[in-house]
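A closer look at the structure
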Amino acid sequence: MKSHQSVNQRNSLNFSGGPGALPEPVLQQVQQAIIEVPEVGLSILGISHRSDWFAAVITELETNIQSLLNLPENYHILFLQGGATQQFSMVPMTLRPQAVSPAEYLHTGYWSGKAIPEAMRKGAVRVLWNEVDNNFRRLPTDNELSFSAQAPYLHYVSNETVEGLQFHRVLGRDDVPRICDMSSDFLSRPCEAERFSLIYAHAQKNIGPAGVTVVIIRDELLKNAPDDLPGFLDYRSHIQAHSIYNTPPVFAIYVVLLVSRWLINTIGGVARMAQINQNKAELIYKLLDTDNNFYQGRADAGDRSMMNVAFNLSSPEMEQTFLNAAQAAGFSGLAGHRSIGGIRASIYNAVTLPAVKKLVDFMDDFQHKQIR
Ligand SMILES: *Cc1c(COP(=O)(O)O)cnc(C)c1O
């Protein structure tokens, strides 16, 4: 068997919007686990979800997430399938917004826009903010939002992955349940988790491979959940079964466990992770802010994402030239989302500062070659 390649020997650095890069030491452990998880003596792809070993994986991962987020005791942590998309439906199915008190949603970009029609199938929705006319270049200020005390819940997306917009504060009222899609910035920074009633985040942007979605629910949110939900779509079934209601994605959950250990033991927690992420993002934004306008950042400066840096060049042709040159130089995944084009550098937790430095050097070099 060929021995593993280190990240520096690989052909490409991964700046993809998702599935995203994973930490090098995690990939090495995964490589080993595909052949054999040492303490079990079996491949991770063939270990029973009913084994004591896997029950311990679930318990350790719950404990790790709880400690990374400082989560109080009255929260359940679930590992579900169906991606973030299934949560777009499970949330309104569980909370049944009524016409007299519609659920409140913010439409801040592509992904929040996908959640709204799913909620409308299940009940009444009031859209508090809809920036679609301006192509989602900024987020609302508190003065531009009026939250109702009667709303059954507020739903928003903390980081709009496509447009590169990120809230740097918690939104809404403390007396209305907050529900947040944190798929693309979960565990990238401290998030005041105890102020949310439900947080969901699929793994494949920032914390693992596709196939598993972390859902964190405050216990009391479920007290009026309807009794006629399909078992699979009822959070209570999964709570009762300890995330083993049916065959779960053992492999994906195991990789998320390895990532959580890496965050705790190697990085030193989410506050430290946030500092690193901030340093990475500032390197790129500094280049976008040089006054020649060669690279034009998409998002307003105050709402910029630390995870997804979206920008444009002077024309789609120039952007294609850039992407071709980047690909040839070993930078992968930089094309913007198909819905808006442009360029997007996704710099999730596992993308290292040296990798970002390389990208910035490349961008600087490219710009000088074009201008010369
Ligand atoms: C990618 C993404 C989604 C879609 O997730 P799936 O797991 O593919 O359903 C939802 N929300 C956000 C914020 C995302 O970035």
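None of the values given here were measured: they were computed from a predicted structure.

Within the protein chain, the secondary structure is distributed over nine helices and 14 strands. Within the protein chain, the fraction of its 372 residues that count as buried is 53%. Restricting the contact set of the protein chain to residue pairs at least 6 apart, pairs at least 24 apart contribute 67%. Split by element, the accessible area of the protein chain, about 16400 Å² in all, is 49% carbon and sulfur. The positive charge centre, built from 31 side chains, and the negative charge centre, built from 36, are 3 Å apart in the protein chain.

If you look at the biggest cluster of nonpolar residues, it comprises 62 residues, and the most contacted ones within it are Ile-65, Phe-79, Leu-106, Tyr-156, Phe-186, Ile-216 and Tyr-254. Counting contributing residues, this core receives three or more from each of domain 1 (27-265) and domain 2 (269-370). Beyond its immediate sequence surroundings of up to four residues, Tyr-254 is in contact with Ala-33, Val-37, Ile-44, Trp-53 and Val-57. In terms of nonpolar packing, the next biggest core, distinct from the first, is built from 32 residues, Ala-281, Val-309, Phe-322 and Val-360 among them.

Here we come to the packing of helix H1 (residues 24-35) against helix H6 (residues 250-267). Running from N to C, H1 and H6 point in directions that differ by 145 degrees, and their axes come no closer than 10 Å. Every pair of crossing elements has a handedness; the one defined by H1 and H6 is right-handed. Of H6, the residues touching H1 (which contributes Pro-25, Val-26, Gln-29, Val-30, Ala-33 and Ile-34) are Phe-251, Tyr-254, Val-255, Leu-258, Val-259 and Trp-262.

Now for the domain arrangement of the protein chain. Along its sequence, the protein chain is organised into domain 1 (27-265) and domain 2 (269-370). With centres defined by C-alpha atoms, the gap from domain 1 to domain 2 works out at 27 Å. Listed as interface residues are 26 residues of domain 1 and, on the opposing side, 26 residues of domain 2. Buried area between domain 1 and domain 2, both sides added, is near 2200 Å², and the carbon and sulfur share of it is 51%. Across the domain 1-domain 2 interface, the total number found is zero salt bridges. Our enumeration of links across domain 1 and domain 2 arrives at 16 residue pairs in polar contact (both at pLDDT 80 or more). Those elements that provide at least two residues to the side of domain 1 that touches domain 2 are strand E7 (165-166) and H6. Considering every element that reaches the side of domain 1 that touches domain 2, the biggest residue donor is H6, with three residues. For the side of domain 1 that touches domain 2, the class distribution of residues is eleven nonpolar, nine polar and six charged.

What counts, and at which threshold
Residues numbered from 1 in each chain as written. Predicted model: local features only at pLDDT ≥ 70, side-chain atom pairs only at ≥ 80, totals over all residues. Heavy atoms only, no water. Helix = DSSP H or I, 4+ residues; strand = E, 2+ residues; numbered from the N terminus. Buried < 20%, exposed > 50% of the residue type's maximum accessible area, 1.4 Å probe, protein only. Contact = heavy atoms within 4.5 Å. Areas by Shrake-Rupley, 256 points an atom, 1.4 Å probe, with all protein chains shown as cover. Lys, Arg positive; Asp, Glu negative; His and termini not counted. Charge placed at Lys NZ, Arg CZ, Asp CG, Glu CD. Core = buried A, V, L, I, M, F, W, Y, C linked by side-chain atoms within 4.5 Å. Domains from an automatic or database assignment. Axes fitted to C-alpha atoms, helices over the stretch in contact; angles between N-to-C directions. Left-handed = near helix turned anticlockwise from the far one by under 90°. Buried area = accessible area lost by both parts, 1.4 Å probe. Salt bridge = Lys/Arg side-chain N within 4 Å of Asp/Glu carboxyl O. Polar contact = N/O pair within 3.5 Å; in protein donor to acceptor, adjacent residues only side chain to side chain. Nonpolar A, V, L, I, M, F, W, Y, C, P; charged D, E, K, R; others polar.

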